[in-house]
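Structure assessment
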Protein chains: 2
Amino acid sequence: MTRFSFSIDARDGKARTGRISMKRGDIRTPAFMPVGTAATVKAMKPESVRATGADIILGNTYHLMLRPGAERIARLGGLHKFMNWDRPILTDSGGYQVMSLSDLRKLTEKGVEFRSHLDGSKHMLTPERSMEIQRLLGSDIVMAFDECPRADQPRDVIAKSMEMSMRWAQRSRDAFDSGTEHASVAALFGIQQGALDQDLRKQSAEKLSEIGFDGYAIGGLAVGEGQEAMFATLDFAPDQLPSDRPRYLMGVGKPDDLVGAVERGVDMFDCVLPSRSGRNGQAFTWNGPLNLRNARFAEDTDPLDDRCSCQTCGTYSRAYLHHLVKSGEILGAMLMTEHNIAFYQQLMQAMRDAIAAGTFADFAAEFRRNYLRK
Amino acid sequence: MTRFSFSIDARDGKARTGRISMKRGDIRTPAFMPVGTAATVKAMKPESVRATGADIILGNTYHLMLRPGAERIARLGGLHKFMNWDRPILTDSGGYQVMSLSDLRKLTEKGVEFRSHLDGSKHMLTPERSMEIQRLLGSDIVMAFDECPRADQPRDVIAKSMEMSMRWAQRSRDAFDSGTEHASVAALFGIQQGALDQDLRKQSAEKLSEIGFDGYAIGGLAVGEGQEAMFATLDFAPDQLPSDRPRYLMGVGKPDDLVGAVERGVDMFDCVLPSRSGRNGQAFTWNGPLNLRNARFAEDTDPLDDRCSCQTCGTYSRAYLHHLVKSGEILGAMLMTEHNIAFYQQLMQAMRDAIAAGTFADFAAEFRRNYLRK
């Protein structure tokens, strides 16, 4: 069986639909990956995550290396067995989280030294250690170790950071390939940097293609630049990456972000938004987001979304969910998260269907009319 | 179909096993009722609660009258529909919670005036209002409104309180019977009071029998008196109640409390312990409780209990549960609660089987050897 293959079944404008095949299962693209930060998609059992239609989930290297620890997970048989998810898992490299979450960071060419936000313990992440951790976890899609700078910094800062990330990409490639069994079953993705700058993005894409990866991520977006600037960057960034490889936009996003990014040629996404929003009482629907804390739902017997096929919508009223959310009940977090993850998967399926049918432009226009009310 | 019937299939010493039949389903006794305080058994979907073997759950009048409100639940079609539980629900009367949870209580012969612990709003609970609320909720087993005094007070205080509770029991009976449709489908239980005093308990039981109820609860225990005092009271209290009616020990308890109470003739129980402990990282097992926060479980690949048939034990290691509990993950609360509720149901089934087989004394001795290590 193939280690990693990507086939594009249909194109519609820049949008593509297809399939990644790996040993642990296929991933239909465009794909949304629910985030399972600490070896759990928060508030959901793994079989419920799968039942929403998710083909792959994401695990966070930074969180898992600190708790319960990569070596411990390896001793326990790997992340899949530990958390009872037997389909593909993509792990990030820790590069983004170490800069956003940890304390007392020291960034050098070698890597990042930092203190855990949990207990203050000292750690070092390098391209080599990141590859080792992702191997210990048993990741199916391994991400190269990169630095993700804030997009609002001067061009020379962005350029220097991007260039170091490209050296780290080479070191990641070398470490990944260095004779472990893992390289024969897992895939390695590179990460394009360069913030909003077309020329830096181009340089980054060329360097990554030269090194050669199974897939290519677009990093350094969804860091506060806003949707307009993100879309402006996505007008060129995906085209700079090899067209026969999956393109993964990291950390994105809202439903309308996903539609706009697929329209621009992106194949994969991950984001905490559906799960985090679910825990906070926000539901995504085809008619836009709903805040279930709002008193107007107190006696609303409708489901969250009458087009949604999830168990929450088939079983529970907005009135009940309003009550659970207002009462801080765990079941509220459970049911809202399940709906949101299911809604995201239904959105991805609708996009795959529209691309296959050659009607993506109509789909996107109709989606925006309903979702954004414009 | 019968409104309410109770049949005893087997007796073994004072222990009995049988069945309560109601329109919404049968309740196998001895029965443990998971507590669904705010219209949810915390951290569990209702179908998972049912899958553990629970025939009936409990709802709290005090919590539900304050949020979302009994009239609101009635407008939404009743508690069963609201929370998606179609089997029997027992509701308490609010008498206990109003004294333990609310602010600024004023107790008179008429009832209790109090302020909500949620928003300070003023409310009044009387026997008549409690019956009305339980009717609005659509309760299957309605509890009479009573006062539950602390057991460590002087005998005359306990006696006066019990006597008022018996007048309230009559008012509850009268209000319940006063010509609503609800009385033709629901059952009404009286509540024995009298703390640890055999004579007061006897007076209370006689008064309740005189009024006549479908079942009889033993109230005023599990309020801090300790297991020894509770068992000493249970040595006589169940015998004072009609032997052909179910006897319900309110708010109890630990697994060894349940075994000792069944041994003394109790048929029904409710307690927040399995769900609350689950959320706090404590698991009940046939070999005693386990605190999953303990570092000794960090790499323990065993299930919580190798005799348990629940999904948690069939799927997840102690190591994973330790990780989830330590990380404060909602999935930890979900899986631990599910195990604990399932363990309680398996314990009840084992007791029912032992009584039917006439081996309850052996079962209880074996249980204590393993559970209490003595």
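Residues numbered from 1 in each chain as written. Chains lettered and ligands numbered in written order. Predicted model: local features only at pLDDT ≥ 70, side-chain atom pairs only at ≥ 80, totals over all residues. Heavy atoms only, no water.

**Some points on the sheet that holds strand β8 (residues 112-115) of chain B**
Residues and elements named next belong to chain B. Selection rule: At least two DSSP bridges between two strands are required for those strands to pair. Only DSSP runs of H or I reaching four residues or more are called helices, and only runs of E reaching two or more are called strands; each is numbered from the N terminus. Lines fitted to the C-alpha atoms define the axes, with helices restricted to the stretch that makes contact. Angles between their N-to-C directions range from 0 to 180 degrees.
The strand order β7-β8-β9 describes an open sheet built from three strands, whose pairing is antiparallel. Two strands bound the open sheet, and with one partner strand each, they are β7 (103-107) and β9 (122-125). Neighbouring strand axes in the sheet, compared pairwise and without regard to direction, differ in orientation by 20 degrees on average. Note that β8 and β9 share four bridges and pair antiparallel. Within β9, the position partnered with V112 by the bridge is L125.

**Observations concerning the domain arrangement of chain A**
Residues and elements named next belong to chain A. Selection criterion: Where each domain starts and ends comes from a domain assignment, either automatic or drawn from a database. By the convention used here, residues are in contact when the closest approach between their heavy atoms is within 4.5 Å. Once two parts are brought into contact, the accessible area they lose, counted with a 1.4 Å probe and summed over both, makes up the buried area. Salt bridge, as used here: a side-chain nitrogen of Lys or Arg that lies within 4 Å of a carboxyl oxygen of Asp or Glu. In protein, a polar contact requires one atom able to donate a hydrogen and another able to accept it; more generally it is a pair of N or O atoms within 3.5 Å, and residues adjacent in sequence count only if both atoms are side-chain atoms. Note on residue categories: nonpolar means Ala, Val, Leu, Ile, Met, Phe, Trp, Tyr, Cys or Pro, charged means Asp, Glu, Lys or Arg, and polar means any other residue, Gly included.
On domain assignment, one finds that chain A holds domain 1 (4-271) and domain 2 (279-371). In this assembly, 29 residues from domain 1 lie in contact with 28 residues from domain 2. Of the roughly 2,300 Å² buried where domain 1 meets domain 2, counting both sides, 71% is carbon and sulfur surface. Across the contact surface, domain 1 and domain 2 share one salt bridge. Here R368 ties to E263 by a salt bridge, and the two come within 2.5 Å at their closest N and O atoms. Where domain 1 packs against domain 2, one counts six residue pairs in polar contact (both at pLDDT 80 or more). At the level of elements, β1 (4-12), β2 (15-22), β3 (25-29), β4 (31-34) and α11 (255-263) are the ones that each hand at least two residues to the side of domain 1 that touches domain 2. Ranked by residues supplied to the side of domain 1 that touches domain 2, first place goes to α11 with seven residues. Its residues assigned to classes, the side of domain 1 that touches domain 2 comprises 14 nonpolar, seven polar and eight charged.

**Side note on the environment of D103(B)**
Residue and element names in this part refer to chain B. Checked against the element boundaries, D103 lands in strand β7. For the pair D103 and F114, spaced eleven residues apart in the sequence, the C-alpha separation amounts to 6.0 Å. Discounting residues that sit within four places of it in the chain, D103 has contacts with F114, R115, S116 and H117.

**Things to note about the interface of chain A and chain B**
Facing 38 residues of chain A, the contacting portion of chain B comprises 37 residues. Together chain A and chain B conceal approximately 3,300 Å² of surface at their shared face, both sides included; 56% is due to carbon and sulfur atoms. The largest per-residue losses of area from chain A upon contact with chain B belong to K45(A), E299(A) and H323(A), which jointly make up 18% of the total buried on that side. One can count eight salt bridges joining chain A with chain B. With a shortest N-O distance of 2.5 Å, K42(A) and E329(B) are connected by a salt bridge. Sorting the residues of the side of chain A that touches chain B by element identifies α1 (46-51), α3 (70-75), α4 (79-83), α13 (311-315), α14 (318-326) and α15 (330-357) of chain A as the ones contributing at least two each. When its residues are assigned to classes, the side of chain A that touches chain B shows 19 nonpolar, eight polar and eleven charged.

**Considering unusual backbone geometry**
Here the amide bond leading from T29(A) into P30(A) is cis, since omega sits at -5 degrees, within 30 degrees of zero. Checked against the element boundaries, P30(A) lands in the loop between β3 and β4. For the bond running from V252(B) to G253(B), omega is 5 degrees, close enough to zero to count as cis. The phi torsion at A39(B) lies on the positive side, around 70 degrees, for a residue other than glycine. Relative to the helices and strands, A39(B) is located in the loop between β4 (31-34) and α1 (46-51). In this structure, A195(B) takes a positive phi of about 50 degrees despite not being glycine.

**Some thoughts on the pairing of strand β1 (residues 4-12) of chain B**
Along a regular strand, successive side chains alternate from one face of the sheet to the other. All names here are of chain B. Note that β1 and strand β2 (residues 15-22) share eight bridges and pair antiparallel. Note that in β2 the partner of I8 across the bridge is G18. The antiparallel hairpin formed by β1 and β2 contains two residues in its connecting segment, where G13 sits at a positive phi of about 65 degrees.

**Observations concerning the UniProt feature "binding site: Zn(2+)" (unreviewed entry) in chain A**
Residue and element names in this part refer to chain A. Quick note on the threshold: UniProt positions are given in the numbering used here, feature names are shortened, and annotations may be inferred rather than shown by experiment.
The UniProt record annotates "binding site: Zn(2+)" (unreviewed entry) at C308, C310, C313 and H339. In summary, the annotated positions, though distributed over 32 residues, converge in three dimensions, the widest C-alpha pair being only 8.1 Å. Mapped onto the fold, C310 is located in the loop between β16 (290-291) and α13. Aside from chain neighbours lying at most four places away, what touches C310 is H339, A342 and Q346. Tracing the chain through its elements places H339 in helix α15. Ignoring anything within four residues of it in the chain, the contact list for H339 reads A283, F284, L304, D305, C308, C310, T312 and C313. A polar atom in the side chain of H339 sits 2.6 Å from the backbone oxygen of F284.

**With respect to the sheet that holds β2(A)**
All names here are of chain A. Pairing within the open sheet is antiparallel, and its three strands lie in the order β1-β2-β3. Because the sheet does not close on itself, it has two edges, and the strands there are β1 and β3. Pairs of neighbouring strands in the sheet enclose a mean axial angle of 15 degrees, with direction left out of account.

**Topic: the relation of the copies chain A and chain B**
Spelled out, the test is: The copies are overlaid by a least-squares fit using only the C-alpha atoms of residues whose pLDDT is at least 70 in both copies.
The transform that puts chain A on chain B rotates by 180 degrees and translates by 0.0 Å along the axis, for an RMSD of 0.0 Å. The superposition operator between the copies reduces to a two-fold rotation axis. Nearest to the rotation axis, the C-alpha of I330(A) is located 3.6 Å from it, this being the minimum over chain A. Here 97% of the contact residues of chain A are again contact residues in chain B; the copies associate through an equivalent surface.

**Here's the deal with the packing of helix α6 (residues 127-137) of chain A against helix α7 (residues 155-177) of chain A**
All names here are of chain A. For the record, the criterion: Any angle that falls under 35 degrees is termed roughly parallel, while one over 145 is termed roughly antiparallel, one within 65 to 115 roughly perpendicular, and all others oblique. Here a crossing is taken to be left-handed if its near helix is turned anticlockwise relative to the far helix by less than a right angle, and right-handed if that turn runs clockwise.
The interhelical angle for the contact between α6 and α7, taken along N-to-C directions, is 45 degrees, at an axis separation of 8 Å. One finds that α6 runs oblique with respect to α7. The two elements α6 and α7 meet at a crossing, and its hand is right-handed. Note on element contacts: α7 touches α6 through W168, R171, S172, A175 and F176, opposite P127, E128 and M131. In terms of residue class, the contact of α6 with α7 is built from five nonpolar, one polar and two charged.

**Considerations on the UniProt feature "binding site: substrate" (unreviewed entry) in chain A**
All names here are of chain A. Under the present numbering, the feature "binding site: substrate" (unreviewed entry) in UniProt falls on D92, S93, G94, G95, Y96, D146, Q193 and G220. Inspection of the secondary structure puts Y96 in helix α5 (residues 95-101). Looking at the element boundaries, D146 is found in the loop between β10 (141-143) and α7. Look past the residues within four positions of D146 in its chain and what remains in contact with it is S93, G95, S165, W168, I191 and Q193. In this structure the side chain of D146 is engaged in a polar contact, spanning 2.7 Å, whose partner is the side chain of Q193.

**Section: the side chain of E225(A)**
All names here are of chain A. The test is simple: Between buried and exposed lies partly exposed: a residue is buried under 20% and exposed over 50% of the maximum accessible area for its type, with that area taken using a 1.4 Å probe on protein chains only. Charge counting follows a simple rule: Lys and Arg are positive, Asp and Glu are negative, and His as well as the terminal groups are ignored.
By the element assignment, E225 lies in the loop between β12 (215-218) and α9 (227-234). Summary of buried charges: E225 has no salt-bridge partner, and the nearest side chain of opposite charge, R201, is 7.4 Å away. A distance of 2.7 Å separates a polar side-chain atom of E225 from the backbone nitrogen of A222. In this structure E225 touches L196 and M230, once residues within four positions along its chain are discounted.

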